[in-house]
Each structure stands twice: as structure tokens, then as C-alpha cells.
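A look at the structure
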Number of protein chains: 4
Amino acid sequence: MKAAVFVRPGKIALEEKPKPVAGPGQALIKITTTTICGTDVHILKGEFPVEVGRTIGHEPVGVIDTLGAGVTGYSIGQRVIVGAITPCGQCHPCLDGHQAQCGGKAAGGWRFGNTIDGSQAEYLLVPNAMSNLEPIPDRLTDEQVLMCPDIMSTGFGGAESGGIKIGDTVVIFAQGPIGLCATAGAKLKGASLIIAVDGVSARLEVAKKLGADVVIDYTKTEPLTEIMRLTNGRGVDVAIEALGTQQTFESCLRALKPGGTLSSLGVYSGKLSMPLGAFAAGLGDHKIITTLCPGGKERMRRLLNVVASGRVNLEPMVTHRFKLDQIEQAYELFANQRDGVLKVAITP
Amino acid sequence: MKAAVFVRPGKIALEEKPKPVAGPGQALIKITTTTICGTDVHILKGEFPVEVGRTIGHEPVGVIDTLGAGVTGYSIGQRVIVGAITPCGQCHPCLDGHQAQCGGKAAGGWRFGNTIDGSQAEYLLVPNAMSNLEPIPDRLTDEQVLMCPDIMSTGFGGAESGGIKIGDTVVIFAQGPIGLCATAGAKLKGASLIIAVDGVSARLEVAKKLGADVVIDYTKTEPLTEIMRLTNGRGVDVAIEALGTQQTFESCLRALKPGGTLSSLGVYSGKLSMPLGAFAAGLGDHKIITTLCPGGKERMRRLLNVVASGRVNLEPMVTHRFKLDQIEQAYELFANQRDGVLKVAITP
Amino acid sequence: MKAAVFVRPGKIALEEKPKPVAGPGQALIKITTTTICGTDVHILKGEFPVEVGRTIGHEPVGVIDTLGAGVTGYSIGQRVIVGAITPCGQCHPCLDGHQAQCGGKAAGGWRFGNTIDGSQAEYLLVPNAMSNLEPIPDRLTDEQVLMCPDIMSTGFGGAESGGIKIGDTVVIFAQGPIGLCATAGAKLKGASLIIAVDGVSARLEVAKKLGADVVIDYTKTEPLTEIMRLTNGRGVDVAIEALGTQQTFESCLRALKPGGTLSSLGVYSGKLSMPLGAFAAGLGDHKIITTLCPGGKERMRRLLNVVASGRVNLEPMVTHRFKLDQIEQAYELFANQRDGVLKVAITP
Amino acid sequence: MKAAVFVRPGKIALEEKPKPVAGPGQALIKITTTTICGTDVHILKGEFPVEVGRTIGHEPVGVIDTLGAGVTGYSIGQRVIVGAITPCGQCHPCLDGHQAQCGGKAAGGWRFGNTIDGSQAEYLLVPNAMSNLEPIPDRLTDEQVLMCPDIMSTGFGGAESGGIKIGDTVVIFAQGPIGLCATAGAKLKGASLIIAVDGVSARLEVAKKLGADVVIDYTKTEPLTEIMRLTNGRGVDVAIEALGTQQTFESCLRALKPGGTLSSLGVYSGKLSMPLGAFAAGLGDHKIITTLCPGGKERMRRLLNVVASGRVNLEPMVTHRFKLDQIEQAYELFANQRDGVLKVAITP
């Protein structure tokens, strides 16, 4: 089968690999649609290390090809989705509710395209299939559900971890795919004033459609001054960080009311320091909560329900389409954020 | 009346002030016992700014002298305690559950010895008396309850904010008065393995009495190696920071399991940076929660109940006693942590 | 001034009363709009006892007439709203987060038209004004905010107490004003399948507009069979009871999945028994949570924000309008649920 | 092998059965110690139906005999404990945190001695072994950990579901094995006044040792009057029901403060009605939460830690010892609560 593998920093290439075989508890799915994530670009650039030859990708939609021993309740040919994070469900952390930290290693539940082969290929071997395969209702297309495995789950997770309550004011810093989903999530959770910040006007337009009441283009308006104006100097209840930089992290903390929550989704590199003034020297009853994409079939079931209900429509986020054969071209577009790309659909 | 006031950095002195008068909603209490806090030492050293002439101190035990208009349900001469934090109970943040952030300013609920005159004096004017005066049961002595207004409330708050569950493993970095109370709080909340870290063996002995199962003297043993050994490499569920330094903050984060909670009690100064490895680059589902001392009469009622039940006995923490006239001497001893001092009792 | 008072079971009449005077901590507001609640009908019928001569009503919109001593931060003539429940904010239960149970008596926070005079009058005396007066933004009309004091707060409270999560399935039994607001609240909280049950088709039409995905007319379809069909036999995550009868309570419990939550808003009379089968004999990890209307100015601030954001539009629920002089006529219409009445606006 | 099987109402008898064989995902353990539960007595009496021939018992301590395909990380001969409830960890309810309701059927996680053969036998087949086998530290004896699988987990669960906070007042109605564990759990969670109610003085003596501050013998003192006296008319924060009768359920509700929580552990039969006065007609912000014994290996790990720490010592609850051959005799003693029996240890 064909698979997009990490060759060296700067190079992800399509290679031929043997079709995997489903062992006990596993399932093999034939990929029908997948996509590229910002994290994959970090891998491409060598900023996030994976072993040479690893198939990349963690956002699979497909049909069941074969089921390993002990995998029951599914049928061959069934159309399924699998989360980016594949918890076993049976280790101590999973049973304790920390499914994304499966096995007790940091981010241990993130396997696809990281510690095992991923979804940018013709076939994908799914570990702990009983915990992870979720059937897709017939009436939903692949593209309608393509955001579920990662960015929808992550973005909504940011809103959930923020503990957003009815009537809250929420700011989301950065409106890339994850930030946009956090904006949609903030609306779903009952925030009554949602402020989205980015420097790309096209993204801010999408933010408005997904629930932002106010958008701030930071290239034109100083966000913190504007946020304080909008909240009468009160600050926001919840600030969601969706980029992974010192600046956005710090802006989130500065935007918070005393007692507020910083819900962090970004992957940080380099240095991260705490601005003590904004942190009230530790006396502000602040919460800083980081969230890795929730996975597992129950999470997927819930997200599919949200899509099916029409509450949130993320399909417009698929701005470009490629064949798996063209994946290097897709990476080139996506990594350089050209042509207003938000997400690409890759079909084998 | 006599009052210990901030004169200039390096100088807190006893001065004569007019006896205050209780306005509407206020109460005047005659102090019977009070104490000195580490924060007061920061004020003394000029590290935490207060205005010149401010009476210091936020840990009052006393009897009601006069009640202002509208203060009902109490009687003159009644023995009461008041928390270090005095929420109004009626502003938006208080009604939203953020009582320590009363008024919406960071640490806004902390008034005594900060924004209004404090308890190291013969009389103390209590704002929002209806929210803050709590009668003390006759059978409890002043010294038995002297830790309630601040360190017991703060230390227990650290255990509570950590969300400690039955069977959790908890480490507390630093075993000063606040850290010792956090150790006691961790036991009260059902932790089954409590690890206390400090460099002073006398404090570690007290830690054992208050609930530590294991103590680590960091001058002799590298704490993180030992914590990982004790937890079979798993890390702790909750790490409580009780000092306010980069080193203890960072050690807490490094000691945490993926998905764990850092409960921060310290007051930070200088710089605070996030060690990205320990922070799992933001992917570890970590929580960092800061807690300012919970106040108000309901909190005091609960803490008095804990004292009355004998669950926790903090009386041995009072290691030295002084008259109010000797308060400069008391500061000298306490600020230099001489003679094994933990807390001092000051009586007018 | 004129006031609608309870005369005897079956009789509420307009009487002349002296204009009240605001004492310390109180405010007097001139009512501009108020309404009638189902509870008022219970009072009218003698099913809920209040003393003879009590002014009825607990849903006030008005302007500040006078402020008592110690009430600061407001101005005469300011337009304000006050919740049906008026917590003091300063008693032990209030400080412990149980504001609706103010004072420690069951439903102790419900004073207006119950233990003190209410809002169906020209003037209303507001106790604990600092906790309870919330300014109304100029751009919102009286009728736009008229549902905030009680039914919006109660209905949303039912959704909040249910702990609704993104992707939940929720059923609401009864679509009177409270049930309709619970339906709107379920949508605000992120439920992805909302099922509304009632026997009046006009109410089911309103339910659809407020967020119901599916409506069940119980006069035509057996609700439990249909709920199980819609959930593939799984049951709902949360069932909200919004009527206060054995039948709706029992149907809620029968509709629940194991581990589900029954959020109860109704006022029960007569008998209430637990169907042991549906209760799984106590082994089903069920939660039954009752919620009295949350009050206080912070709650009102949040609800006004929801109205201002346009997230929820409850204005169409005002189906009829009366002058205070016509209030007996208004009761007659409302109590008999004639002419498709949902809520009436009463203006002095 | 020998196994105690349900023959007919009134008759549990030792029979010869084939030694089971561990299939994929399963493990066979050789029982070293087990015990009898009140629920087993209900089965014996025919009050809780199981099929004829079912091996009874759900509290196993043993050593691993064989491991089925796919069960890794354990070794033959390893000493393990398994909870009464055996969640798969991989179905939707398990992944959603409702492990005791595994599979989505009420009490679906309770399999042993109910829907599959149980532990009162020489060998026990453990389903979903990866989720359920927990190694026992060498230094703990079988009898020290024998309460973990059910009564300790259930009793502590009652305290946990009650949401007990530091300084809470808690009453526990009935001090059988479950109630005694709830008493110990209330102490572990930080309650400062624990009131235990029963009619057997020997049980009340054990209650004192496990954490009760006050015991009430209901044959001598009217509990509700005494509870109100002890709480100054306030009522308790949390009431734990540990018997499963109308009377104890109702007494719990009557003992609650407004806003309090009834944590229900009992298995109810017959009728259960809600006393509307105590329920405040649904306006008291009450919570009623039922809890089925939490299971799974993470729960067992935590409980073993509690035992290992010495926080709670339940070993004295083992009052009698029998060989498996004598199990009918053990049932006879236990069912009739003779000789002050609390729990029996059964060894094959």
C-alpha cells in the first residue's frame, strides 16, 4: 500500500509499505478520507521528532477491512471514524479518566503518526479497536466528519476544560483550525460574549460564522485594550490559547479576570515564562489547564451527534482537496498556509 | 490604641492610633490574640508594598467591642474569629464563588494589613461584618484557633484546589506553616501517600505528625529521584507548592504524573518560567491552580469544626509567645526564623 | 400605592397600600413591568400558603426610587432587574454557594410574594439591595428581560444542574414557560439531541424554535417508547422535569440511561413515589437533583448578557399584556391557560 | 472444582463444576480468600433473581492460574485482587466514566455471581482481565484486603458521591459492613462531625473506631431530634443511606439541610416514596445520588494504597472464618447475623 512517511526533516514522501495485518484486539481500516494537521507540519520540519519511516497522520475516516481476534460488534465494510488519540481504556490512567495520557506517559494516547503508523496511507491499523472504532451514520459524508478526530475534539476540549458557564465572556487567541473549533465550542457551552483574535481577516470571517460575537484583528487593534473595553475592565472568564507561543499564552493570562481560567491548547516550544503581574504573583485564584485532544469511540460518538444535529458545521473548513498521490503537494500548500487553506481533504 | 504599623522598608513599629469607630455594616473587635505571617515579613522588607502608617496583620482572634448599624445576630463581648480574607459576599465575584477576589481586583478580598488597617493592634475594624464574624465555641482556646484565619485556610485550600481523591499520592514542597497545613489538608482529603519536602529536619518532624507518610530532606536526598522511586516512576497525582520560588514550582511540575494537578500556594516574585519538558509542551493534561486563602465566616465555621473535632491539631505550631508591646522583637525572631519558630502568638 | 394581594383562596385583588420606605441595605424600586408565575396561581388557589394581605409576584423590572443607608454604586432612576430569589450573600448558606437556600430554611431565598411583599404593585422594597439590584443595558426593553428573574433562571438552572455535556441527549417533560426555558438552556449547554414533550401543540411549536430537535405530543405518541427509539434503546443522559407531577417525574426516571441525571424543576404536591424498576433498585448510579431558581445580581448579569447576545430570544413568550388595574383579569386568563397564553406582561 | 451455586430460593449448595478455561482477554484465578455479601443473602432468599446453577460471590482474592490471549503485563502465580464490578473499560459508558454501568444496562458492570459465575469457588474466570486484575503488595494479607472488592469500594463511594467537603457534618444511617465503610470514608474525605446510626451497639462500637464522632442507637434515641440538636437545627450536609429501606431513605432526607446531598447505597425493594415535606416539594436544592460499587483495577489500586497506608484498618471486620466446604454453614451464620458477625472469610 501507499503511505506518506517521514523521511528526514523537510521531507515527507509517499512510499510503498506492506498492508498491515490486524492482530488480537486490532482492526484494519481502509482509509477513505484523511487530512493534514499542524502537528504533521511540525514533524515535517523536524520540530517534533518521529522515527524515520513512520507513516504520518492521525485523522482517519474509513471502512473496516479486517477485524482482529476479540473485536466484536463491528462488521467488515462498516464505515467508521477513529479519534487521533486511541486510548486502550484498560490501563490505570484510562480507568482514572485520563484517556489521552494512556499508559501513563505524557500524551501516551497519541499513537497514530507518532509512535505507530498513521492515517496518511491506504490502510490504517487501529490499536484497541473495541475502544476506538465508531460507526458513522450513513447520512453524514466523510468531509462532514473529517474534523472530528482531532481539531473539533481538541477545540471543543479547550472550551470544556475552561469550564465555560452560561453567560461567560470568553476570548480565543488564534483562529487557526483549532482556535476556530474552540470558538465553536465556546458557543456550544453557553458563552454569551465570544471574542476571537487573529491577524488573518479571512479566518476572522470564519470565526464570526462559528460563533464569535466580536473579532479582533491584532494587526489593527491592540487586543488587551479592546478586551478590557468590551468587558468594562472586568477581564474575561475564560481565555483559550490556541497557538502555542509565549505571546498568546501571556495575552490570555493578561486578559483573565481574577479567578479566571486559561485553557491552553497550543504545543509550546522554546521558552514559556509566566508574567507575574498578570499571574497576580500567584494570588489571583487562576487556573491554567492544558488539554490534549480527547479520543476514544465515546468521544467520537458525541462529536458525530453534534455534526448530525447541525449545531456546528465545520465542513466549510475543508478548503482544498488532494489525492493521496498528491500529498507532497498538499503538505507544500498547507505548511505555507497558501490560498487561504484551513484544512485539506486527502483521499487515497 | 497601640498598633504595629509599617514605617518604612525594614521598619514596623508600635504606634498610638485612635480607636476606630464601627460604621454601618462594620464591627469593632478587641484583639485577644493575633500572629505574624510570612507575608508580613515581605511587607517589613519592602517586598510587598503597603502605604506608610498601615497597621499590619490579618489573623485576628478577639471579642466584639461594638457593632455598626445593620449588623445583627451578634452580641457585644462575644468571642469571634475573622478570616484573613474578608469578602463582602454581595459583589459580582463574591456571588459567583470567587470570594477571595472580592470586588474583582486580584486578591481584592485581602484587606487587613494590606488595603485597610490590620490585626496587630488593640482593636480591629471588620468590614462587612455580617459576612465575616464567626463565633468561637467556648471550649476552644485562642491558640487552638489561631491558625484558622490564614495558614490553615490557605494550606487546606491547597489540598482542596488540588482535587485530592481517596488513594491519591501527593507531594508538598516546603514545610513552613503553610506547607505543614497543606500536608494536614492532604491527609484530611484522603491522600494515601503524602510526601513532604523541606530542608529543615525539625519541620519535617512536624510534617510527620500532621500526616506525611514520607519526608524528604532535600539537603540530603534529591527529591525528584526519590518521588519517582516511591511512585514506581508514575509521578504524583497532586503536587502542592508552598514557598513561591522557581525551584519549588518547577519541582512540583516535574513530580507530576501526566494529567496531574499543581496546586500553587506560594507568592512569587522575580521570574517564573515553565519548564517545557515537565509541562509536556502543553500536551500533558496538566492543571495549574493557584489559591488565595479562602475567607468569610462560613469558611471559619468549617475550620473551627475541624479544630473542635480534633481531626487536626495545629496548636503545637505556636512555638513562641509575645506581648503586643514586644512585637518588634517578635518580628525579629520570626523574620530570621530563629529558635525553630513556626508561628508566634501576640497578645495585647 | 396599588398592590395585588392575596385575600383568600380563590381571590387575589388589587388593594391600596402605603408606599414602602427603604431601610438600611434596602432599595425601593418603582415597577415598570412584572408578570404572573405558575406559582402565583398555586397561591391564588390556596395550594401554596401565604399570609392574607401579602402582595404577590416575584418577577420585577423597574427603576430605582430610593436607596437605603449603605446601598452604594447605584443611582436614583436607574433601570434595574431583580431576581425572584433575593439572597443576602452574607449568611452561611449563601457563602457556601447555596444562595437560593438563604438563611438555611428550605427555599429561604424566595422572599418576594412569599415571606415579604412582592412585585405585582407600583413599588417593591428590595432586601439586601447590594446583592440583588442589577442595572439593565439601555438597549434591552422590559419585555426582553422580563423572563430573567424567574423562568429563564429556573429553566437554565435545570439544564445546568443536569450537568449537560457536549453531545448529550436530553429530554424535557412539559413545555410550559419553565420547560421551554429548560429546552433553551439545554441547547445553550451543548446538548445535541433535545426532545421536548408536551400535550399542547402550540407549546411544542415554541419548543422547536427554542432548541428542541424532536417534539413529542404525548396525546398522540407514547413518549418513552419514542425516546427509546430515538436513542437506540440507550436512554437519555439528562431528563428535566418541569411540571411537578408523579407522572412526569416517573417518566423522567424511566427515560434515563444508567448513570443519567434527573434534573427536577417542578413543585410537587400530593404524593411522589420512586418507581423502583426505573430507579434500578438504587444500583443505577442515578442522580436526582432539584433546583430552585438561582437569584442574585450576578445571576441576573449573566442572563442579561445571554439576552443581549441574542443567543436566546424569549420575548415571544410574552403573549398578552395587561395594566396593573386589570390584574384580576390577567390571573383569570393565565390560571385557565386560555388563548394560548404563555406569559403576561403587567404594567402599572 | 467446587463452587457454591444457587439451587433454588433458600438453597445455596456446594457443587462440583468443571474448572473454567481462560479465553481471549480473560484470566483464570485460583481463589485464596473470598467472602459473603448481604446481596448474596438476597440471592439465597430469592429476593434477587439469578439463574439456577450460578456460582455466587463477587469478592475475590487469589493468584493467577492462567492468562487468556492478549492479556499481558501479569504473570502466572501473581497474587491479585479483582473488584466486585468488572468493567470492560472499552464500551461507551465505560469510556464516559460510568464503569459500573458497563454495557449500558443498569448495574451492567456487576457480573460475578450475577450474570457470570462468581468467586465462592476454587477458581474464578475474570472477564476483561486487563481492566480488572490488580496485583496485591506482598506485605498485605488476604484478610487485610478482603473488603476492597465490594464493601470498602461501595462505602467509600457513598462518601465520594456525597461530595463531602472539609468541615462537613455527615450522618450515616445503618452500620452494617457497607455503612461502616461509609463512616470510614466520610472521615477520609474530611468530614468534621460524623454521626453513625444503628440499633446494634456492637456495630456502633466499630463505627466509633472507624471515625464516627457520635453514635446514635435508634432503639434508645430518636435520631432526627438528636441530629437537629447536634447541628443546632441546621441539618447535615450529607446523609448516607446504607440499608435500602423506606425508613432510612426518608430519615436521610429529613436529616438534610436545604442544599444537602442524600448519598444512597442501599438496594431497595418493595416501595420507596418521597416525603414531600422533607423534599421541600422539590424546592430545596437537594441532590439524591445513588452509587453502585466502583470497580476496575485502578479503583482496586487506590483502595490497596489506603490499606497499605494504614489510614483505614478494616481487618477487624472479618469476625469469622470458614473453609469453602463449610460455606452453607457460613451462609447460615451470616444470613441470620448471629454471633456479632460482620464479615466472614472463606478459604478454599
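Fair warning: this is a prediction, and the values are worked out from it, not measured in the lab.

1. Looking at the overall build of chain A
The helix and strand tally for chain A stands at eleven helices and 16 strands. The C-alpha atoms of chain A give 20 Å as radius of gyration, which agrees with the globular expectation for 348 residues (20 Å, within 12%). Viewed in the frame of its principal axes, chain A has a C-alpha envelope of about 60 × 40 × 40 Å. For chain A, the residues scored as buried account for 63% of the 348 residues in total. Expressed as a percentage of contacts within chain A between residues at least 6 apart in sequence, the contacts between residues at least 24 apart total 71%.

2. Details of the interface of chain A and chain D
The interface is formed by 17 residues belonging to chain A together with 17 residues belonging to chain D. Mapped by element, the contributors of at least two residues to the side of chain A that touches chain D are α2 (92-95), α3 (129-132) and α10 (297-309) of chain A. Here the residues of the side of chain A that touches chain D sort into five nonpolar, eight polar and four charged.

3. Overview of the sheet that holds strand β11 (residues 236-241) of chain D
Spatially, twelve strands are ordered β10(C)-β9(C)-β8(C)-β11(C)-β12(C)-β14(C)-β14(D)-β12(D)-β11(D)-β8(D)-β9(D)-β10(D) in an open sheet, and the strand pairing comes out mixed. Since the sheet does not close on itself, it has two edges, and those belong to β10 (214-217) of chain C together with β10 (214-217) of chain D, each with one partner. Taking the axes of each pair of neighbouring strands and ignoring which way they run, one obtains an average angle of 15° across the sheet. Taken together, the four bridges between strand β8 (residues 169-173) of chain D and β11(D) define a ladder with parallel strand orientation. Its bridge partner lying in β11(D), Ile172(D) is registered against Ile240(D). In the packing of helix α7 (residues 201-210) of chain C onto the sheet, contacts are made with β9 (193-198) and β10 of chain C, and the angle to β10(C) comes to roughly 170°. Packed onto the sheet, helix α7 (residues 201-210) of chain D meets β9 (193-198) and β10 of chain D and runs at close to 170° relative to β10(D).

4. A look at the domain arrangement of chain A
One frequently used descriptor of interface size is the decrease in accessible area upon assembly of the parts. All names here are of chain A. As far as domains go, chain A holds domain 1 (2-147 + 314-347) and domain 2 (155-290). On the domain 2 side, the residues contacting the nine residues of domain 1 number seven residues. For the side of domain 1 that touches domain 2, the per-class residue count stands at four nonpolar, three polar and two charged.

5. Overview of the sheet that holds strand β7 (residues 134-135) of chain A
With respect to topology, five strands assemble into an open sheet ordered β6-β3-β4-β5-β7 (chain A), the strand pairing being antiparallel. For this open sheet the edge positions go to β6 (123-126) and β7 of chain A, each flanked by a neighbour on one side alone.

6. Thoughts on the packing of helix α5 (residues 148-161) of chain B against helix α6 (residues 177-188) of chain B
Residues and elements named next belong to chain B. Packing of α5 against α6 brings their axes to within 7 Å, and their N-to-C directions diverge by 50°. Taken together, the axes of α5 and α6 are oblique relative to one another. Relative to α6, the crossing made by α5 is right-handed. Each of Ile151, Met152, Thr154, Gly155, Phe156, Gly158, Ala159 and Glu160 in α5 lies in contact with α6, whose residues at this interface are Pro177, Ile178, Leu180, Cys181, Ala182, Ala184, Gly185, Ala186 and Leu188. Looking at the contact of α5 with α6 residue by residue, the class counts come to twelve nonpolar, four polar and one charged.

7. Side note on the relation of the copies chain A and chain D
Rotating chain A by 180° and moving it 0.0 Å along the rotation axis overlays it on chain D with an RMSD of 0.0 Å. Both copies of the chain, as the preceding transformation shows, are related through a two-fold rotation axis. The C-alpha atom lying nearest the rotation axis in chain A is that of Gly89(A); the distance is 2.4 Å. A shared interface surface links the copies, since 100% of the contact residues of chain A are contact residues in chain D too.

8. Let's talk about the pairing of strand β15 (residues 318-323) of chain D
Residues and elements named next belong to chain D. Alignment of β15 against strand β16 (residues 343-347), held across five bridges, turns out to be parallel. The residue of β16 that forms the bridge with Phe322 is Ile346. Note that the unit made of β15, helix α11 (residues 327-335) and β16 has a crossover that is right-handed.

9. Some thoughts on the pairing of β10(D)
Residue and element names in this part refer to chain D. Judged from the four bridges that link them, β9 and β10 form a sheet pairing that is parallel. What sits directly across from Ala196, in β10, is Val215. The parallel pair β9 and β10 is bridged by α7, and the resulting crossover is right-handed.

10. A word on the interface of chain B and chain A
Contact with chain B, which involves 37 residues of that partner, is made by 37 residues of chain A. Mapped onto the side of chain B that touches chain A, the elements with two or more residues apiece are β12 (256-264), β13 (272-274) and β14 (287-290) of chain B. Among the residues making up the side of chain B that touches chain A, the classes are represented as 16 nonpolar, 15 polar and six charged. Pairing of strand β13 (residues 272-274) of chain A with β13(B), which is carried by three bridges, proceeds in the antiparallel orientation. When the sheet's bridge partners are listed, Leu272(A) is paired in β13(B) with Met274(B).

11. Comments concerning the environment of Tyr331(C)
All names here are of chain C. One can find Tyr331 in helix α11 (residues 327-335). Judged by local crowding, Tyr331 falls into the buried class, with 23 C-beta atoms found within 10 Å. Leaving out residues up to four positions away in the same chain, Tyr331 has contacts with Ile12, Ile36 and Leu44.

12. A look at the environment of Val238(D)
Residues and elements named next belong to chain D. Tracing the sequence through the fold places Val238 in strand β11. The exposure class of Val238 is buried, given the 31 C-beta atoms found within 10 Å. When the C-alpha positions of Val238 and Ile43 are compared, they lie 30 Å apart, and in sequence the two are 195 residues distant. Ignoring any residue separated from it by four or fewer positions in sequence, one finds Val238 in contact with Gly162, Ile164, Asp168, Val170, Gly260, Thr261 and Ser263.

13. Overview of the relation of the copies chain B and chain A
Relating the two copies of this chain is a rotation about some axis coupled with a shift parallel to it. Rotating chain B by 180° and moving it 0.0 Å along the rotation axis overlays it on chain A with an RMSD of 0.0 Å. Comparing interface residues between copies, 100% of those in chain B also sit at the interface in chain A, which points to an isologous, same-surface contact.

14. Overview of helix α6 (residues 177-188) of chain C
Residues and elements named next belong to chain C. The terminal C-alpha atoms of α6 lie 17 Å apart, and with twelve residues this matches the ideal 16 Å at 1.5 Å per residue to within 8%. Counting buried positions along α6 gives twelve out of twelve residues, so the element sits mostly inside the fold. Residues Pro177, Ile178, Gly179, Leu180, Cys181, Ala182, Thr183, Ala184, Gly185, Ala186, Lys187 and Leu188 constitute the buried set of α6. The secondary structure elements touched by the buried residues of α6 are α5 (148-161), β8 (169-173), β9, α7, β11 (236-241) and β16 (343-347). Where α6 terminates, the next one or two residues include Gly190, which has phi positive at roughly 100°.

15. A word on the packing of α6(B) against helix α7 (residues 201-210) of chain B
Packed helices, taken two at a time, are described by the angle their axes make and the gap between the axes. Residue and element names in this part refer to chain B. Here α6 crosses α7 at 25°, and the two axes come no closer than 9 Å. In terms of orientation, α6 lies roughly parallel with respect to α7. In the crossing of α6 with α7, the sense of the turn from one axis to the other is right-handed. Listed contacts from α7 to Leu180, Thr183 and Ala184 of α6 are Val206, Ala207 and Leu210.

What counts as what
Residues numbered from 1 in each chain as written. Chains lettered and ligands numbered in written order. Predicted model: local features only at pLDDT ≥ 70, side-chain atom pairs only at ≥ 80, totals over all residues. Helix = DSSP H or I, 4+ residues; strand = E, 2+ residues; numbered from the N terminus. Rg over C-alpha atoms; globule rule 2.2 N^0.38 Å. Buried ≥ 20, exposed ≤ 12 C-beta atoms within 10 Å, placed from the backbone. Contact = placed C-beta atoms within 7 Å. Nonpolar A, V, L, I, M, F, W, Y, C, P; charged D, E, K, R; others polar. Pairing = 2+ DSSP bridges. Axes fitted to C-alpha atoms, helices over the stretch in contact; angles between N-to-C directions. Domains from an automatic or database assignment. Parallel < 35°, antiparallel > 145°, perpendicular 65-115°, else oblique. Left-handed = near helix turned anticlockwise from the far one by under 90°. Least-squares fit on C-alpha atoms with pLDDT ≥ 70 in both. Right-handed = clockwise from strand over helix to strand, strands pointing away. Expected span 1.5 Å × (residues − 1).

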